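# Survey of secondary and tertiary structure
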Amino acid sequence: MDSGAVRFGLVGYGFGGRWFHAPLLAAAPSVDFLGVVTTSPERRTLVAADQPSAACFDSLEALVDAGAEAVAISTPADTHSALTDRAIDLGLAVVCDKPFAMDADAAQASVEKAEAAGLPLSPYQNRRWDSDFLTLRRLVDDGSLGSVRVLESRFERMADGDGPGAAGGGTLRDFGSHLVDQALVLLGPVSSVFARWSLRSTGLDDDVLVVLDHAGGARSVLGGSWRSGAPGPRFRVTGSAGSYVVGTEVLENGMGAMDGQEFALLAGESPASPTWGTEPASAWGRLQRGASATVVESERGRWDTFYPAFAAAVRGTGPVPVDPRDAVATARVLDAARRSATTGEVVSL
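Attention here is on the structure that accompanies the text. (Residues numbered from 1 in each chain as written. Predicted model: local features only at pLDDT ≥ 70, side-chain atom pairs only at ≥ 80, totals over all residues. Heavy atoms only, no water.)

## Here's the deal with the overall build of the chain
Looking only at helices and strands, the chain has 10 helices and 17 strands in total. Relative to the 2.2 N^0.38 estimate, which gives 20 Å for 349 residues, the radius of gyration of the chain is 20 Å and therefore close to what a compact globule would have. Dimensions along the principal axes, computed over C-alpha positions, put the chain at roughly 60 × 45 × 45 Å. Taking all 349 residues of the chain together, 53% fall into the buried category. Looking at the chain alone, contacts between residues at least 24 apart form 69% of all its contacts between residues at least 6 apart. Within the structure as shown, the chain displays about 14,400 Å² of accessible surface, and the carbon and sulfur contribution to it stands at 51%. Side-chain charges in the chain split into 30 positive and 43 negative, and the spacing between the mean points of these groups amounts to 5 Å. (Helix = DSSP H or I, 4+ residues; strand = E, 2+ residues; numbered from the N terminus. Rg over C-alpha atoms; globule rule 2.2 N^0.38 Å. Buried < 20%, exposed > 50% of the residue type's maximum accessible area, 1.4 Å probe, protein only. Contact = heavy atoms within 4.5 Å. Areas by Shrake-Rupley, 256 points an atom, 1.4 Å probe, with all protein chains shown as cover. Lys, Arg positive; Asp, Glu negative; His and termini not counted. Charge placed at Lys NZ, Arg CZ, Asp CG, Glu CD.)

Given below as structure tokens:
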């Protein structure tokens with residue numbers, strides 16, 4: 001089996017493609033980053049400036065002709081399923097950004113197509129490798145929290161004007177894809193879903209609350225917002241032995257600072273840096289039980305491990321970093337949340 005670098009392309013060079021995917025692909029030691037599929041003259045100019053060794057392609061077909069074996073898709077949400085399915089038909093292994101699909105049926109169809117073709121497929125759930133989430137998982141695994149009862153998790157930011165853009169498919173699909181995925185990873189399958197949202201004149205939701213009752217007895221309270229002037233804690237997780245709390249710093253642009261890897265990429269820092277993913281002590285959370293509190297050093301964030309892991313899956317030497325069926329499970333919860341927010345009912349799964 002070929003052990004060389006996996007020849008990888010990227011579809012889309014908007015915010016996610018430019019800042020979250022291209023730098024990580026270019027820095028991955030087991031990836032040969034061929035270039036970007038985009039027909040926009042403005043974005044082609046950006047690719048040339050940001051990634052001088054990367055080419056630009058007019059289509060997925062042109063990318064395949066250049067020798068690509070795998071592709072990352074970072075385009076508007078409502079194009080994800082069609083592009084994923086087309087890439088699979090062309091024989092490409094696929095990483096698809098969130099939301100993986102607009103609904104669970106479309107997600108399931110793509111998973112089955114990839115399985116039938118024998119091709120690796122993975123949703124881009126990079127937030128599983130956030131510093132604070134890795135720290136939380138450590139605390140759960142080593143028993144520091146005891147039995148987890150309630151997970152409170154938030155992605156809250158402030159955006160003036162029309163709120164979130166259409167590319168993300170609304171706050172529930174955009175932020176909710178990460179929030180729900182993390183809740184399922186931490187606490188397992190969901191038995192019921194209750195949700196509320198606020199809709200803008202654009203028809204997009206800009207503020208959502210989702211309550212999940214897990215089959216194991218725990219509860220998740222998830223919040224996503226583009227209109228929060230004072231973002232709440234990123235995590236407050238309560239167990240029988242105490243709570244883990246991680247705050248959210250508000251930056252000058254009104255964004256809530258979450259994982260430092262996001263802002264490192266926006267600042268142009270290389271994922272190959274030896275200090276990549278380390279958080280300053282000011283961003284560490286605390287383990288608290290009443291008046292007793294202990295600062296917990298954060299695990300190193302590891303977004304830089306995603307593409308090497310996927311490349312190993314393409315070469316047949318390891319599993320995909322995120323099972324695509326996890327994306328189906330997340331989509332089913334998000335479908336139920338949209339139904340609950342629309343009808344007011346608690347939806348059983």
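From this point, things continue past the structure.
## Digging into the sheet that holds strand β17 (residues 347–348)
The 9 strands lie next to each other as β16-β15-β12-β11-β7-β10-β9-β8-β17, forming an open sheet whose pairing is mixed. Every other strand in the sheet has two partners, leaving β16 (292–296) and β17 as the edge strands with one partner each. Where helix α6 (residues 131–141) meets the sheet, its contacts fall on β7 (148–156), β11 (235–239), β12 (242–246) and β16, and the angle it forms with β12 comes to roughly 170°. Across the face of the sheet, helix α7 (residues 171–187) comes into contact with β7, β8 (190–199), β9 (205–214), β10 (219–225) and β11 while running at roughly 155° to β10. (Pairing = 2+ DSSP bridges. Axes fitted to C-alpha atoms, helices over the stretch in contact; angles between N-to-C directions.)

## Some details on the packing of helix α5 (residues 104–117) against helix α10 (residues 324–343)
Close contact between α5 and α10 brings their axes to 8 Å; oriented N to C, the two are set at 170°. As far as their axial angle goes, α10 and α5 are roughly antiparallel. Facing Ala104, Asp105, Ala107, Gln108, Val111 and Glu115 of α5, the residues of α10 in contact are Pro324, Arg325, Val328, Ala331, Arg332 and Asp335. Taken together, the residues that form the contact of α5 with α10 break down as 6 nonpolar, 1 polar and 5 charged. (Parallel < 35°, antiparallel > 145°, perpendicular 65-115°, else oblique. Nonpolar A, V, L, I, M, F, W, Y, C, P; charged D, E, K, R; others polar.)

## Considering the packing of α6 against α7
Where α6 contacts α7, the axes come no closer than 11 Å and their chain directions differ by 20°. Judged by the inter-axis angle, α6 sits roughly parallel to α7. α6 and α7 meet at a crossing whose hand is right-handed. On the side of α6, the interface is formed by Phe133, Leu136, Arg137 and Val140, while α7 contributes Gln182, Val185 and Leu186. A breakdown of the residues in the contact of α6 with α7 according to their chemical character gives 5 nonpolar, 1 polar and 1 charged. (Left-handed = near helix turned anticlockwise from the far one by under 90°.)

## What to know about the pattern of salt bridges
Taken as a whole and judged by the stated rule, the model has 23 salt bridges. With its nearest N and O atoms 2.4 Å apart, the salt bridge here joins arginine 138 to glutamate 299. In this pair, arginine 138 sits in helix α6 while glutamate 299 sits in the loop between β16 and α9 (306–314), placing the two residues 161 residues apart along the sequence. Its salt-bridge partner being glutamate 152, residue arginine 154 comes within 3.0 Å of it at the nearest N-O pair. Residues joined in a network through salt bridges with shared partners are Arg127, Asp130, Arg157 and Glu262. (Salt bridge = Lys/Arg side-chain N within 4 Å of Asp/Glu carboxyl O.)

## Side note on the nonpolar core
Counting residues in hydrophobic clusters, the biggest one holds 37 residues, and the most contacted among them are Leu136, Leu151, Val193, Val210 and Leu212. Elements with a minimum of two residues in this core: α6, β7, α7, β8, β9, β11, β12 and α10. At 8 residues, the largest contribution of residues to this core is made by α7. Contact partners of leucine 136, with chain neighbours within four places excluded, come to Leu145, Leu151, Leu186, Phe235, Val237 and Tyr244. Among the nonpolar cores identified, the runner-up in size contains 30 residues, and Phe8, Ala28, Ala70 and Trp303 belong to it. (Core = buried A, V, L, I, M, F, W, Y, C linked by side-chain atoms within 4.5 Å.)

## Considerations on helix α1 (residues 15–27)
With 13 residues, α1 extends 18 Å from end C-alpha to end C-alpha; this agrees with the ideal 18 Å at 1.5 Å per step. Roughly 35° is the biggest bend found in α1, and it falls at histidine 21, with proline proline 23 one to four residues downstream. Along α1, the residues that are buried comprise Gly16, Gly17, Phe20, His21, Ala22, Pro23, Leu24 and Leu25. (Expected span 1.5 Å × (residues − 1). Bend = angle between axes of the 7 residues up to and from the residue.)

## Notes on unusual backbone geometry
That bond from lysine 98 to proline 99 is cis: its omega, -10°, falls within 30 degrees of zero. Its place among the elements puts proline 99 in the loop between β5 (93–96) and α5.

## Regarding the pairing of β16
With 5 bridges joining them, strand β15 (residues 285–289) and β16 adopt antiparallel strand pairing. Looking at the pairing, leucine 287 lines up with threonine 294 of β16. In textbook terms, the turn of a hairpin is the stretch between consecutive antiparallel strands, and for β15 and β16 this stretch comprises 2 residues, one of which, glycine 290, has a positive phi near 65°.

## A word on the environment of tryptophan 303
Topologically, tryptophan 303 is positioned in the loop between β16 and α9. Separated by 176 residues in sequence, tryptophan 303 and arginine 127 place their C-alpha atoms 7.8 Å apart. At 2.9 Å, the side chain of tryptophan 303 forms a polar contact with the side chain of aspartate 130. (Polar contact = N/O pair within 3.5 Å; in protein donor to acceptor, adjacent residues only side chain to side chain.)

## Concerning the pairing of β8
Sheet topology note: the β8/β9 ladder contains 9 bridges and is antiparallel. The residue of β9 that forms the bridge with leucine 199 is aspartate 205. Pairing analysis gives 2 bridges linking β8 to β17, with the strands arranged antiparallel. Bridge pairing in β17 links serine 192 to serine 348.

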